[in-house]
Amino acid sequence: MPTVTTEGLQDTAAVEAATFDAQWAVAAGSADALQATFPTTVEELTDGLILAVRAGAANATATPTFAPDDLTPHTITKLGGVALVAGDIYGAGHELLLRYRASATRWELLNPATQAVPAYYFKALALDAIGSNVNTAQPWFPSQGAVTLPVGTYRFRGRLYLSRSAGSTSHTTAILFGGTATLASNDFVAGAKEGDTSALADLSVIPATGVTTSVVAKAASTSTTEQAFFDVEGIFIVTVAGTVIPQFQYSAAPGGAPTVLRGTFCEIMARTNPSGTWS
């Protein structure tokens, strides 16, 4: 392949500044099955081969392919093997740089339009919200309490603040997760402030393991002015996409509806290994 020397780089000899001149062609085929015919026919795919292509349209799928000079098409990925998202090939006129990875038989898009950022979901109450005087599970966020998650592994953490001003029926308080998603595992630690006031107190902690775990985090209370604080953190694995709902549940209706206080939040972060796996 011919080279172009870039004389004029400060303190760099011309021979040291030589750069490869990648072959270039206008893409044919379709948006998700790119083809190209190059001035010098590409007869075989070698590891590290770079080809430049002017796209004719944006990709619509996560698995577009590229085939130079009628060779076998291979999938295009990015960032070390991460699947593309729709629009990584931005559209007509996007000048693509594609490097072939022989060990994985794929093309690496060196200049995708978007970057792979792990999915992040966050919800916080800016204003107090009213819960329900029931002994069934209810969401941390009385409205818009569910988040829809794709298949994957997630780390989550959250804090739940509850206040009541009526009712003296004895009840415990549990932490659990509802929704339509199928969880292969749901392992977390739930902590609750001891006592029923906002005064300084110890935090009692209990682990929860299993798929549909509901764990009692706060001991029985008969206070008519119960102030409760919960700190929750853990990992769950979604095997079938669907909704996930952070919830709490009284063992008995306390006699007065709780207020979910502003500052209550939950964050859910997708966890992958874009830089490699542990060994």
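All values derive from a computational prediction rather than experimental measurement.

Procedures and definitions
- Residues numbered from 1 in each chain as written.
- Predicted model: local features only at pLDDT ≥ 70, side-chain atom pairs only at ≥ 80, totals over all residues.
- Heavy atoms only, no water.
- Helix = DSSP H or I, 4+ residues; strand = E, 2+ residues; numbered from the N terminus.
- Buried < 20%, exposed > 50% of the residue type's maximum accessible area, 1.4 Å probe, protein only.
- Contact = heavy atoms within 4.5 Å.
- Areas by Shrake-Rupley, 256 points an atom, 1.4 Å probe, with all protein chains shown as cover.
- Patch = residues over 30% accessible without salt bridge, like charges linked within 9 Å, V, L, I, M, F, W, Y side chains within 5 Å.
- Salt bridge = Lys/Arg side-chain N within 4 Å of Asp/Glu carboxyl O.

**Student:** Would you mind going over the overall build of the protein in detail, with residue names and values included?
**Tutor:** In terms of regular secondary structure, the protein is built from zero helices and 24 strands. Evaluated residue by residue, the protein yields a buried proportion of 38% over its 279 residues. Long-range contacts, defined here as pairs at least 24 residues apart, represent 76% of the contacts in the protein between residues at least 6 apart. For the protein, the exposed area adds up to about 14,500 Å²; of that, 55% sits on carbon and sulfur atoms.

**Student:** How would you sum up unusual backbone geometry? Please name residues and give values.
**Tutor:** Not every positive phi belongs to a glycine, and Thr 105 is a case in point at roughly 45°. Here Thr 105 is to be found in the loop between β10 (95-101) and β11 (106-109). A positive phi angle is found at Gln 144, which is not glycine, with a value near 55°. Looking at the element boundaries, Gln 144 is found in the loop between β14 (138-139) and β15 (147-149).

**Student:** Residue-level account of a nonpolar patch on the surface, with values.
**Tutor:** A surface patch of nonpolar side chains, amounting to about 240 Å² of accessible area, comprises Val 189, Leu 203 and Val 205. You can see Val 205 is positioned in strand β19 (residues 203-208).

**Student:** Give me the environment of Asn 135: which residues, what numbers.
**Tutor:** Take Asn 135: it is sitting in the loop between β13 (129-130) and β14. Sequence separation between Asn 135 and Tyr 250 is 115 residues, and the spatial gap between their C-alpha atoms is 4.9 Å. Sequence-distant contacts of Asn 135, that is, excluding residues within four places in its chain, are made with Gln 249, Tyr 250, Ser 251, Ala 252 and Ala 253.

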